[in-house]
Amino acid sequence: MNETLRLLLAHRSIRRFRPDPVPAETVERIIGAAQAASTSSNIQAYSVVGVTDAGAKRRLAELTGGQRHVEQCPLFLVWCADLHRLQLAGRIANPAFALEPNVETFLLATVDAALAAQNAAVAAESLGYGIVYIGGIRNRPAEVTELLGLPQLVYPVFGMCVGVPDQQPDPRPRLPQSAVYHSGRYSDDDALEAAVREYDETMRSYYARRAGGGRDTVWSKEMANRLSGANLRRHLHDYLLAQGFEFR
Ligand SMILES: Cc1cc2nc3c(=O)[nH]c(=O)nc-3n(C[C@H](O)[C@H](O)[C@H](O)COP(=O)(O)O)c2cc1C
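Rules of the game
- Residues numbered from 1 in each chain as written.
- Predicted model: local features only at pLDDT ≥ 70, side-chain atom pairs only at ≥ 80, totals over all residues.
- Heavy atoms only, no water.
- Domains from an automatic or database assignment.
- Helix = DSSP H or I, 4+ residues; strand = E, 2+ residues; numbered from the N terminus.
- Expected span 1.5 Å × (residues − 1).
- Contact = heavy atoms within 4.5 Å.
- Patch = residues over 30% accessible without salt bridge, like charges linked within 9 Å, V, L, I, M, F, W, Y side chains within 5 Å.
- Areas by Shrake-Rupley, 256 points an atom, 1.4 Å probe, with all protein chains shown as cover.
- Salt bridge = Lys/Arg side-chain N within 4 Å of Asp/Glu carboxyl O.
- Axes fitted to C-alpha atoms, helices over the stretch in contact; angles between N-to-C directions.
- Parallel < 35°, antiparallel > 145°, perpendicular 65-115°, else oblique.
- Nonpolar A, V, L, I, M, F, W, Y, C, P; charged D, E, K, R; others polar.
- UniProt positions renumbered as here; feature names shortened; annotations may be inferred.
- Pairing = 2+ DSSP bridges.
- Phe/Tyr/Trp six-rings, centres within 6.5 Å; stacked < 30°, edge-to-face > 60°.
- Buried < 20%, exposed > 50% of the residue type's maximum accessible area, 1.4 Å probe, protein only.
- Lys NZ or Arg CZ within 6 Å of the ring centre and 35° of its normal.
- Near = heavy atom within 4 Å.
- Polar contact = N/O pair within 3.5 Å; in protein donor to acceptor, adjacent residues only side chain to side chain.

Colleague: Can you help me understand the domain arrangement of the protein chain in this one?
Modeller: By a widespread convention, an interface's size corresponds to the accessible area lost as its parts come together. Structurally, the protein chain comprises domain 1 (3-169) and domain 2 (172-233). Computed over C-alpha atoms, the centres of domain 1 and domain 2 are 27 Å apart.

Okay, structure coming up:
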C-alpha cells in the first residue's frame, strides 16, 4: 500500500459541503492535474466551466433534478466534450478545414473529458476536498448549454461538485474483482452471475444500514430500475444532433 493507493481506495462521493470557497490557486492546481491526463493524440477535446455564482448554481441545481448539493457546493465544475476548439484550430491551419463529427470524434471528446475529470477528482481529494459527479447535468442539456453559453460541438458530459466535505459517508462496496477483471478471456455467464449474486448480498446489507436509507433492495434490482424508463434520457440523441454532433 502507498499514499496514492490509499487515496484512491478512500474515495466516496460527497453530497454535503462546508461553505468555504475553493481558493483560486487550488482550482488552478486541480485543473492542472486534469490537464496532465492522457488524451487521444494530444487532442485535448474537453473544456470545463467552473461555476461559483450562487444564482447560477441554484439554477443548475434545478436543471439537474433538484440536487441540493449542486447549489450547496462552493465550486461546481461542468465537464464538457469539446470539438469546437479543434474546429477553430483546424481553421487556423487551413481556412477550408471542416471537422467531421462522427461516432469516433464524439467518443474521443467524451473519453477525454472523463479522463481529465477523474484526474481532477483525485487531485481535489488529495487536497482534502470532496467531490461528486453529476450526470443530472444531462437531464436538461439544452438549458445548461444556454446558461453556460456552450457553442456548437460542445456538450456537458457531467458536472462535479467540489468542496470541503461536511459528511463522512461509508465507502460504497464494489463488485467482486472476479466480475470486472477477466484473465485472458471474458468470463462465462455462470461466473458472472455468481459474482453478481455475491455482490447483491453485500449491497443488501449496505442499503439496509445506510444513513437515512434502510431500504430493502439489492444491486441487480437497482440496476434494472436504473436502466429503464425516464433514467435513459432519450432526449440526448436529438440534443446532441442539435449541438452539431453526428453518429455516422
Ligand atoms: C458519470 C457519473 C454521474 C453521476 N451522477 C450523479 C448524480 O447526478 N447525482 C449524484 O448524487 N451522484 C452521481 N454520481 C455518483 C455515483 O452515484 C457514485 O459515484 C456511485 O454510486 C459510487 O459511489 P461512490 O462514488 O461514493 O463510491 C455520478 C457518478 C458518475 C461517475
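There's more to say after this.
Colleague: Could you clarify how one ought to interpret helix α2 (residues 24-35) in this entry?
Modeller: Residues lying three or four places apart along an α-helix face the same way, a consequence of the helix completing one turn every 3.6 residues. Between its first and last C-alpha, α2 extends 16 Å over twelve residues, near the 16 Å set by a 1.5 Å rise per residue. Of the surrounding secondary structure, the elements contacted by the buried residues of α2 are β1 (46-51), β2 (75-82) and α6 (103-126).

Colleague: Quick question: what am I supposed to make of a nonpolar patch on the surface here?
Modeller: A grouping of Val103, Leu107, Val111, Leu115, Leu241 and Phe247 is seen on the molecular surface, where their side chains present a nonpolar patch of about 450 Å² in accessible area. Among the elements that line the nonpolar patch, the one with the most residues is α6, at four residues. Among the structural elements, Phe247 can be located in the segment after α11 (236-242).

Colleague: Would you mind going over the packing of helix α9 (residues 189-209) against helix α10 (residues 219-226) with me for this structure?
Modeller: Each pair of packed helices can be described by the angle between their axes along with the distance between the axes. Two elements in contact, α9 and α10, have axes whose closest approach is 7 Å; the angle formed by their N-to-C orientations is 90°. One finds that α9 runs roughly perpendicular with respect to α10. The residues of α10 that touch α9, namely those facing Val196, Tyr199, Asp200, Met203 and Tyr207, are Trp219, Ser220 and Glu222. Its residues assigned to classes, the contact of α9 with α10 comprises five nonpolar, one polar and two charged.

Colleague: Mind showing me how you'd approach the UniProt feature "domain: Nitroreductase" (unreviewed entry) in the protein chain here?
Modeller: The positions UniProt marks with the feature "domain: Nitroreductase" (unreviewed entry) are residues 10-163. The distance separating the terminal C-alpha atoms of residues 10-163 is 16 Å; by composition the span is 45% helix and 19% strand.

Colleague: I'm lost on the sheet that holds β1 in this one. Help?
Modeller: On the basis of which strands lie adjacent, the open sheet formed by four strands has the order β1-β2-β4-β3 and antiparallel pairing. Both outer strands of the open sheet, β1 and β3 (130-134), are each paired with one neighbouring strand and no more. Mean inter-strand twist for the sheet, computed between neighbouring axes without regard to direction, equals 25°. Contacts from helix α5 (residues 84-93) reach β1, β2 and β4 (154-163) within the one sheet, and its direction differs from that of β2 by about 50°.

Colleague: I'm lost on the packing of aromatic side chains in this one. Help?
Modeller: Per the stated rule, a full pass over the model turns up seven aromatic pairs. For the ring pair Phe106 and Tyr155, a centre distance of 5.4 Å and an interplane angle of 15° mean the geometry is stacked. Taken together, the residues Phe106 in helix α6 and Tyr155 in strand β4 connect sequence positions 49 residues apart. Here Phe106 matches Tyr155 in class, with each residue buried. Residue classification places Phe106 among the buried positions, given a relative accessible area of 14%. Following the ring pairs from residue to residue traces out a cluster consisting of Phe106, Tyr155, Phe245 and Phe247. In this arrangement the basic side chain of Arg215 is found over the ring face of Tyr207, its NZ or CZ atom lying 5.5 Å from the centre.

Colleague: Can you walk me through the site of the ligand in this structure?
Modeller: Residues in contact with the ligand amount to 14 residues; listed here are only the nearest, His11, Ser13, Arg15, Gln67 and Gly135. In this structure, an oxygen atom belonging to the ligand sits 3.4 Å away from a side-chain N or O atom of His69. The contact in question runs from an oxygen atom of the ligand to an N or O atom on the backbone of Gly136, over 3.2 Å. Taking 620 Å² as the accessible area of the ligand by itself, protein coverage stands at 68%. By residue number, the principal contributor to the shell around the ligand is β3, which donates three residues.

Colleague: Just to check I follow, could you spell out the environment of Arg215 for this structure?
Modeller: Here Arg215 lies in the loop between α9 and α10. Residue class for Arg215 comes out partly exposed when judged on its relative accessible area of 37%. C-alpha of Arg215 to C-alpha of Arg204: the two residues are eleven residues apart in sequence and 8.4 Å apart in space. Each residue touching Arg215, except ones within four places of it in the same chain, is listed here: Tyr207, Ala208, Arg210 and Glu222. Separated by 3.5 Å, the side chains of Arg215 and Glu222 make a polar contact.

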